Amino acid sequence: MIELVDISKSFGDVIALQDVSLTVAPGEFVAVLGPSGCGKTTLLRAIGGYVPVDRGSVWLSGTDVTASPPEARRVGMVFQDYALFPHMTVLENVEFGLKMRGEDKASRQDKARSVLALTGMDGTEQRRPAELSGGQQQRVAVARAIAHEPSALLLDEPLANLDRNIRLRLRDELRALQQRLKLPTILVTHDQEEALGIADRTAIMNRGRIVQIGGAFDLTMHPAEPFVSEFLGLTE
Amino acid sequence: MKESQSNRWLAAPAAALWAVGVALPLLLVLRMSLYFRGDVSGPRQFETLFFEPGTWTLANFAKILTEPFYLGTLSFTVRLALTTTLLTLTLGYVVAYAIYRATPVGKVVLIVLVILPKFTNILVFVYGLKMIFGPSGFWPVVAGEVLMLLPYAVLTIAAALEAVPFSLVEAARGLGASASQAFWRITFPLSLPGTIAAATLAILWSLGAFLSPYLLGQPAEYTISVEVDRQTNHDLNWALAAALNVVLLGVMAVFGYSLTAIRRRLA
């Protein structure tokens, strides 16, 4: 479970997050949708521990992690540029989290292999990230994010750099995988089709605030503010 | 085919410059190193002042490789170069890392501070150091060399670090690596080829160290380059000076080749 309680964050004069509260239940998939600069990436980075919040608290699986560094939070994060380690093989990338946890070589390689199989990337263990296509890199990044059995999955525009065909397929795969692992998941995107097509609930963000959160039906039928309907393209 | 040939001709001016400016002088030095020493005071002193024309000998090399004085100078030169390189890399990496992690404005400020000393005339720079360090000796020489080389090392390593996206470090942290684990497992290995390039530059440069040892050192700190100057301008033994040069070039080639080979293997 991911719980954000009234978190705020400013960078100088720029308010990135303003009293944002959000709860993502175990197994729930929440998309955070908004224009660029709305604070959605800061939100994700605050959960991951990369951005310290000014006010408010962050809870993961019932533990207050507000003051914890990223390595103590055990979240699985997929970065927009995938951030695969270029000097390591696919297998070394995926087993990295388990290695940092001190697991022995045989068991972490077993786990890494099974996660790669789960994401359809078995057979590429000894390849380097640079030898893979964008879609394959994305799958490896997802495999790496879930291999260390995280308490939450955070996805930062994971499909933005992919062709449309692959994007749609990976979106469905991601959703199926998330359902199977029952991980509370937050996906950040500026693509409303992606958000509404994958998530149980979608949070619309604007200027550091969550303007409205709900299912696709709620948002389209009962927009809370003109901004929601404008952003979803519902007004003429 | 035609295009590749015309492209080849584009390299001609550079090749000509290299031939006249690098290859030819080196060949002349090589030839010079194989003469007998000239007769400075005999009846033919004006024809044979610097070397004995028309002769061939390996005596100069034998002298360098057997006499304790030259072997000592050679080993000191290598020791100085290794010390200088090690310190330059360590300090250079720290400063480069500070640049890597700085804000965009901070980066500019730091880079300007790093290259600012290069706007000073080198003699003024070294005499300034002389005033700071006072009595000459090994460590003032090392300090002079390190400070001369630091900007090149910093810029080379900073360029290597800038090519490592910080998201890689964040990804490692998210996977449970502490800040230092992330540095040693991600940042450092990925910046290593650039660091070795900086090492190559530093060691080749410091093997040829002249100004710092000459101006900040005692005779105990004189390097091969200082000895080459002495043989060329004071003892007028050009053949020996050339041979010293060739030996130094050989040492440089060994270091340069090995470091380049290591870098290639890593990259």
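Residues numbered from 1 in each chain as written. Chains lettered and ligands numbered in written order. Predicted model: local features only at pLDDT ≥ 70, side-chain atom pairs only at ≥ 80, totals over all residues.

Caption draft 1: Structural context of the overall build of chain A. Secondary structure assignment for chain A yields eight helices and ten strands. Scaling as 2.2 N^0.38, a compact globule of 236 residues should have a C-alpha radius of gyration of about 18 Å, and chain A matches this with 18 Å. Projecting the C-alpha coordinates of chain A onto the three principal axes gives extents of approximately 55 × 40 × 30 Å. A burial count over chain A gives 46% of its 236 residues as buried. The long-range share in chain A, meaning contacts at least 24 apart out of those at least 6 apart in sequence, stands at 64%. (Helix = DSSP H or I, 4+ residues; strand = E, 2+ residues; numbered from the N terminus. Rg over C-alpha atoms; globule rule 2.2 N^0.38 Å. Buried ≥ 20, exposed ≤ 12 C-beta atoms within 10 Å, placed from the backbone. Contact = placed C-beta atoms within 7 Å.)

Caption draft 2: Main features of the sheet that holds strand S3 (residues 29-33) of chain A. All names here are of chain A. Spatial strand order, S6-S7-S8-S3-S9-S10: six strands in an open sheet with mixed pairing. The sheet terminates laterally at strand S6 (75-78) and strand S10 (209-214), the two strands that pair on one side only. Sheet twist, expressed as the mean angle between neighbouring strand axes with direction ignored, is 20 degrees. In terms of strand pairing, S6 meets strand S7 (residues 152-156) through four bridges, oriented parallel. Counted as the bridge partner of Gly76 is Leu153 from S7. Strands S6 and S7 of the sheet are contacted by helix H4 (residues 134-147), whose axis makes an angle of about 170 degrees with S6. (Pairing = 2+ DSSP bridges. Axes fitted to C-alpha atoms, helices over the stretch in contact; angles between N-to-C directions.)

Caption draft 3: Structural view of the nonpolar core. Val32, Ile47, Val94, Ala143, Leu154 and Ile186 of chain A together with Ala172 of chain B are the most contacted members of the largest nonpolar core, which has 78 residues in total. Among the elements that line this core, the one with the most residues is H4 of chain A, at seven residues. Leaving out residues up to four positions away in the same chain, Val94 of chain A has contacts with Ala112, Val115, Leu116, Val140, Ala143, Arg144 and Ala147 of chain A. (Core = buried A, V, L, I, M, F, W, Y, C linked by C-beta atoms within 7 Å.)

Caption draft 4: Focus on the interface of chain A and chain B. Residue-level contacts link 17 residues of chain A with 16 residues of chain B. Among the elements of the structure, S6 and helix H2 (90-100) of chain A are those that each provide at least two residues to the side of chain A that touches chain B. Of all the elements, H2 of chain A adds the most residues to the side of chain A that touches chain B, at three residues. Residue composition of the side of chain A that touches chain B, by class: ten nonpolar, four polar and three charged. (Nonpolar A, V, L, I, M, F, W, Y, C, P; charged D, E, K, R; others polar.)

Caption draft 5: Layout of the pairing of S7 of chain A. Residue and element names in this part refer to chain A. By the criterion of burial, S7 is predominantly enclosed, with five of the five residues buried. Of the two faces of S7, both are covered, the one formed by Ala152, Leu154 and Asp156 as well as the one formed by Leu153 and Leu155. Taken together, S7, helix H5 (residues 164-181) and strand S8 (residues 185-189) form a β-α-β motif whose crossover is right-handed. (Right-handed = clockwise from strand over helix to strand, strands pointing away.)

Caption draft 6: Quick peek at the sheet that holds strand S5 (residues 63-64) of chain A. Residue and element names in this part refer to chain A. Pairing within the open sheet is antiparallel, and its four strands lie in the order S2-S1-S4-S5. Taken across any chain shown, the strands that pair with only one partner, and hence form the sheet edges, are strand S2 (14-24) and S5. Bridge analysis of strand S4 (residues 55-60) against S5 gives two bridges, and the strand direction is antiparallel. Its bridge partner lying in S5, Leu60 is registered against Thr63. Strands strand S1 (2-11), S2 and S4 of the sheet are contacted by helix H1 (residues 40-48), whose axis makes an angle of about 60 degrees with S2.

Caption draft 7: Examining the environment of Ala152 of chain A more closely. All names here are of chain A. Inspection of the secondary structure assignment puts Ala152 in strand S7. Taking the C-alpha atoms as reference points, Ala152 and Lys9, separated by 143 residues in sequence, lie 21 Å from one another. Excluding anything up to four places from it in sequence, Ala152 contacts Ile2, Leu60, Val75, Leu183 and Pro184.

Caption draft 8: Representation of helix H11 (residues 224-233) of chain B within the structure. Taken together, the buried positions of H11 of chain B are occupied by Ile224, Ser225, Val226, Glu227, Val228 and Gln231 of chain B. Against the buried residues of H11 of chain B lie helix H4 (68-101), helix H10 (211-216) and helix H12 (238-266) of chain B.

Caption draft 9: Summary view of unusual backbone geometry. Residue and element names in this part refer to chain A. Of note in this structure, Glu149 is not a glycine but carries a positive phi near 50 degrees. With respect to the secondary-structure elements, Glu149 resides in the loop between H4 and S7. The phi torsion at Lys182 lies on the positive side, around 55 degrees, for a residue other than glycine. Topologically, Lys182 is positioned in the loop between H5 and S8.

Caption draft 10: Summary view of the confidence of the model for chain B. On average, residues of chain B score 91 in pLDDT, and 98% of them reach the 70 mark or higher. When the elements of chain B are averaged for pLDDT, helix H1 (residues 2-10) of chain B gives the smallest value, 70, and H4 of chain B the largest, 96. (pLDDT = per-residue confidence, 0-100.)

Caption draft 11: Quick look at the environment of Leu17 of chain A. Residues and elements named next belong to chain A. Examined against the element boundaries, Leu17 turns out to sit in strand S2. Along the chain, Leu17 and Phe79 lie 62 residues apart, while their C-alpha atoms are 20 Å from each other. Dropping the residues within four chain positions of it, Leu17 is found in contact with Ile7, Ser8, Lys9, Gly39, Thr42, Leu43, Ala46 and Gly208.

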